Amino acid sequence: MNVIYMGLIMAICISSVSLAQSTYTNPWALKDVGTLPPVASLTGGVWLKGDLHVHSRHSKESSNHPISKIIDFSKAAGIDYVCITDHDNHVDGDVAHHTWADPEFKSESVLLLYGAEWTTTRGHGNVFSAKPYEHQRLYDVRDQRDVNVGAVKKELGIHLSANHPSGKDHFGYSYDMLESIEVWNSAVWPKNANAIMIWDDMLSSGRKLTGRGGSDVHHGAPDTPDKATKNTVQVKANNIGTPTTWVFATARTSQAVVDALTNGRVSVSANPYAPRVEFFADLDQDGKMDMMMGDNMKPTGKPVKFRVQLSGNSVAGEYTVRVIKNGNPFDTLQVNAKTPYVEFTDTPANLGRTYYRVMIEGTPTPYPQVPESMALSENMIALSNPIFFNFDPKF
Ligand SMILES: [Zn+2]
Ligand SMILES: [Zn+2]
């Protein structure tokens, strides 16, 4: 091969590379998200409180925790819904013939979701469903590639949620398969800092994941002293409702609870008696709220008025409201029992995503049934899900 011929070939190669570069445009660049679905009614619903991470006797490491005891405790604490999420690996995936087939798995007053803790080598996740589904299939696919896991999850039509995402047994699958994430696991609030960080990363990158709580309670009070175990001390420290997940459901049904969870009309409180935080936005500043947490709208280019409201009989003392915008601290405000709401104003970007969420700190609210939980939750009272702008529903 002579030098001129080699030079010719190199010139062709270089020109074809530059040609390819010149035709590339970033297909993921910011663009208008188009028309967004309308926001659901802000008033047509009911606030329901519950626990989304509870283990019964069908989890091998639990103690003194039959389903009847879970339901009785929930009733006494005014809990509206519970998802019993036993470890599926303890029954080789067959939760349908264990937890769900238990004669005690029924209640007139407490809504019982169908679910399980998907307990895998790559971490733990919870399933929430209003009706029975083929959990066995999710268990069987657990060690496969995410593309196969995701396909099975989609076919089952279930709500999948990452559990305790930053600790032991962190969720080691793609977050693209999820509807929600456990940002507040157990009464021990301080250990959730990294879960909150992961949540903000997922939100900031366009993943509209609902933040929810779960006590992860395993142990109940023994009927007689001789039934006590080394874990019985936990009963007074971490139990059903530490924390409590509030959902704004369109009706008092299991399906409405799951839908509200998926849609993000959710806040989390330290316990069932602690104040509930509600977060609204008035898009056109006409004095009427247009959206609440979980909702997603297009900004108008004008300032939006936001309203943070604490509800419940137990709003007492002073509370600090921390506003987070796109994962970063944005503002710190104060509310108190006399004026249990506060407003602030900001203008979300016209193009590109913006989200705001709030966290409430203050004096703990007593939970008489679980009296040692307050010290573990420190001054953490409640957190809201975000209000979203320009999140792409097709993402
Ligand atoms: Zn777990
Ligand atoms: Zn668990």
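About the cut-offs
- Residues numbered from 1 in each chain as written.
- Chains lettered and ligands numbered in written order.
- Predicted model: local features only at pLDDT ≥ 70, side-chain atom pairs only at ≥ 80, totals over all residues.
- Buried ≥ 20, exposed ≤ 12 C-beta atoms within 10 Å, placed from the backbone.
- Helix = DSSP H or I, 4+ residues; strand = E, 2+ residues; numbered from the N terminus.
- Pairing = 2+ DSSP bridges.
- Right-handed = clockwise from strand over helix to strand, strands pointing away.
- Core = buried A, V, L, I, M, F, W, Y, C linked by C-beta atoms within 7 Å.

The chain is annotated in an unreviewed UniProt entry as PHP domain-containing protein of Chryseolinea soli.

Let us now look at the pairing of strand 7 (residues 210-214). A large share of strand 7 lies buried, amounting to five of its five residues. The side-chain alternation of strand 7 yields two buried faces, one formed by T210, R212 and G214 and the other by G211 and G213. With five bridges joining them, strand 6 (residues 180-185) and strand 7 adopt parallel strand pairing. Paired with E182 across the bridge in strand 7 is R212. For the segment spanning strand 6, helix 5 (residues 193-204) and strand 7, crossover handedness is right-handed.

Further remarks concern the environment of T99. Note that T99 resides in the loop between strand 2 (81-84) and strand 3 (111-120). Taking the C-beta count within 10 Å as the criterion, T99 has 28 such neighbours and is therefore assigned buried. With 14 residues separating them along the chain, T99 and T85 place their C-alpha atoms 8.5 Å apart.

Checked against the element boundaries, A193 lands in helix 5. A193 sits ten residues away from V183 along the chain, and the two C-alpha atoms are 8.4 Å apart.

Right, let's talk about the nonpolar core for a bit. With 87 residues, the main nonpolar core has V82, L113, V247 and V257 as its most contacted residues. The element best represented in this core is strand 3, accounting for six residues.

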